[in-house]
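# Breakdown of the fold
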Amino acid sequence: MKEYLVFNAFGAFAVKDKKVLEHKFFKDLKNPIKEIKELYEKYPDSVFENREIAERLNAKHEFPNEGGIFLRDNIDSIMKLDNEYYINLVKEKIKKASESKDKVIIQAVQALEQVDQSLNFFFERLREWYGLYFPELCDRIENHAEFAGIVKNEERKEKSMGADLEDTDIEMMKSFADKTLEMYNFREELVRYIKENIEKLTPNLSNLINPLLVAKLISLAGSFKNLAMLPASTIQVLGAEPALFRHLRKGAKPPKHGIIFQDPRIHTAPRWQRGKIARSMASKIAIAARLDFYSGEFDESVSEAFEIRLDAIRRKYKERPKKRR
Amino acid sequence: MENIIKKDERIYTKNLVPRETVYNEKLIKFEGMEYRYWDPFRSKLSAAILNGLHDLPLKKNSKVLYLGAASGTTPSHVSDIVENGRVYCVEFSPRAIRKLVNICEKRKNMFPILEDANYPERYAHLIENVDFIYQDIAQPNQTEILIKNSIFLKGYGALCIKARSIDVTLHPEKIFKREKKKLEEHFEVLESLRLEPYAKDHAFFLFKQ
Ligand SMILES: C[S@@+](CC[C@H](N)C(=O)[O-])C[C@H]1O[C@@H](n2cnc3c(N)ncnc32)[C@H](O)[C@@H]1O
């Protein structure tokens, strides 16, 4: 029977064969390592559940393990739990969460835009370059990443209209494909990073529109605070500055929507509904941004109210309006 | 269903902390007890019950793991229901959880945890094995997250699925079918509901281990 060393918020427990052999409650809840170490010295063969602590003590690790399961099954017979410790723990973590996270996210969003531009250049170049050798592949595979993957990993086997090149020429193309794919993978990682952090920063906005779009809006506004202070009418055209400028200077038709046009609920709608949907979405974005910036309190009804309005617009303006002469 | 009453097509939970509201909901008196209005537009569990959920296997002493607790709206009603049990509330947004923490100060059966539900190992030492898992986190991999967390489960659970957060291009019905299938590989699905008109393109599954 293996021995396990597991702990919870209040103490450490040596467990074997569904029995607690020995336990030590933490004197200082914030600094539990002392008691854990003492117990570990007495039971040096025991297996930990928590990876971080196991690595620190150079101990064995397995998650989940029998000891942990036993502890989680029998808390009530072992101790009385109190939520105060949990509350303090969370409060401390909140304090540590950086206040200027929006600045970091803005830089990441701008990096993403540049990475996207470069990737486009690279993928185009790769097609043209490899096209000298194997033009049929360019026609067959439309997806850029897939194309680069084939260039990197496969050989030209079939008959081709392309030129016969030296090995060193092809090696260089493969290496270029490889580097481009690396950048592509970095892009995916960057998107995940932005999404996750923006979701933590703006629970209501991220519930209403795609978190990546939220990040772009914050970047265009200059900061999270700026976005929270903008009126809905400005949010609606944020990112459409060239068009707005033309409108102001020459009295051309005002732009109906800026970057929020990227939301599929706007751009896949019939043309005559788009302005109305954009206006409603912008007003909900303004509400959600204020809620997120000033309190962070999550309110499901903001995005539900938008969905209800969206349905109403779709029903009411189903038909293309007749042109008046 | 314990500690829940239905009156005039509305549902209420017995207030664990009399005279206190959580999100400005209405308080009413019924047979000498105070109850809190449970708003289906703000809580998908309320919407599911109104839409005909047959059974909510929560008892007065149930232990619950709540993933995606946000600011505590639904968790507070769960806390009303399991008055002598515990609700472990996992939420990863430091902003959203602020209000939840204030609620926990008044409700001793709620335990806030600021962690990412993708990594159960990070909070395994803060929770216990539970009778019920409730998950509402609107992530593309939400079913996978639930499965990871089922190592803490001996009992039942409920999962809310928001079609739009999984894939905007697919038809919601397709997404729900696919996610249900994934669930069925690990659990027995007891009830499947849609949450219209309270929440658009949302599905709700009740399952058993
Ligand atoms: C739809 S809201 C939940 C509302 C809540 N269930 C209620 O009814 O009051 C989704 C919440 O899940 C949180 N969330 C998303 N991904 C998460 C993750 N990986 N771990 C923990 N929480 C997450 C979000 O920050 C958000 O607050």
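Quick notes on the rules
Residues numbered from 1 in each chain as written. Chains lettered and ligands numbered in written order. Predicted model: local features only at pLDDT ≥ 70, side-chain atom pairs only at ≥ 80, totals over all residues. Heavy atoms only, no water. Helix = DSSP H or I, 4+ residues; strand = E, 2+ residues; numbered from the N terminus. Rg over C-alpha atoms; globule rule 2.2 N^0.38 Å. Contact = heavy atoms within 4.5 Å. Areas by Shrake-Rupley, 256 points an atom, 1.4 Å probe, with all protein chains shown as cover. Lys, Arg positive; Asp, Glu negative; His and termini not counted. Charge placed at Lys NZ, Arg CZ, Asp CG, Glu CD. Near = heavy atom within 4 Å. Polar contact = N/O pair within 3.5 Å; in protein donor to acceptor, adjacent residues only side chain to side chain. Nonpolar A, V, L, I, M, F, W, Y, C, P; charged D, E, K, R; others polar. Salt bridge = Lys/Arg side-chain N within 4 Å of Asp/Glu carboxyl O. Buried < 20%, exposed > 50% of the residue type's maximum accessible area, 1.4 Å probe, protein only. Phe/Tyr/Trp six-rings, centres within 6.5 Å; stacked < 30°, edge-to-face > 60°. Lys NZ or Arg CZ within 6 Å of the ring centre and 35° of its normal.

### So, the overall build of chain A
A tally of regular secondary structure across chain A gives 17 helices and five strands. Whereas a compact globule of 325 residues would reach a radius of gyration of roughly 20 Å, chain A reaches 29 Å, over 25% beyond that. Each of the three principal axes of chain A carries a C-alpha extent, and together these read 85 × 60 × 35 Å. Excluding contacts between residues fewer than 6 apart, the proportion of contacts in chain A whose partners are at least 24 apart in sequence is 52%. With the model as given, the accessible surface of chain A reaches about 18,700 Å², and the carbon-plus-sulfur share is 51%. Looking at chain A, you have 58 positive and 52 negative side-chain charges, and the mean spots of the two groups are 11 Å apart.

### Structural notes on the site of the ligand
Residues and elements named next belong to chain B. Inspection of the region around the ligand gives 19 residues, with Y66, T74, E91, D116 and A117 positioned closest. Within the backbone of A117, one N or O atom sits 2.9 Å away from a nitrogen atom of the ligand. At 2.9 Å, a side-chain N or O of Q139 approaches a nitrogen atom of the ligand. Per-element accounting of the shell around the ligand gives the leading share, three residues, to helix 2 (residues 73–81). Considered class by class, the residues forming the shell around the ligand number seven nonpolar, six polar and six charged.

### Here's the deal with the pattern of salt bridges
Two side chains carrying opposite charge are able to pair once their charged atoms lie near each other. According to the stated counting rule, one finds 44 salt bridges over all chains in the structure shown. For E196 of chain A, the salt bridge identified is with K200 of chain A, shortest N-O distance 3.5 Å. Of the two residues, E196 of chain A and K200 of chain A both sit in helix 9 (residues 167–201), four residues apart, roughly one turn of that helix. Of the residues examined, K200 of chain A reaches a relative accessible area of 23% and is grouped as partly exposed. What you see here is one network of salt bridges that share partners, running through D263, R265, E307 and D311 of chain A together with R164 and K200 of chain B.

### Quick look at the packing of aromatic side chains
Throughout the structure, instances matching the rule amount to 23 aromatic pairs over all chains. Relative to F134 of chain A, the ring of Y130 of chain A has its centre 6.4 Å away and its plane inclined at 50°; by these criteria the two rings are tilted. Note on accessibility: Y130 of chain A and F134 of chain A belong to one class, buried. Measuring from centroid to centroid gives 6.4 Å for Y134 of chain B and F204 of chain B, while their planes differ by 50°, and the two rings are tilted. Remark: F204 of chain B occurs in strand 11 (residues 202–208) and Y134 of chain B occurs in strand 8 (residues 130–135); sequence separation between them is 70 residues. Accessibility classification places Y134 of chain B together with F204 of chain B in one group, the buried group. Three or more aromatic residues joined by ring pairs form one cluster here, namely F10, Y85 and Y86 of chain A together with Y88 and F111 of chain B. We note R127 of chain A situated over the ring of F147 of chain A; from NZ or CZ to the ring centre the distance is 4.5 Å.

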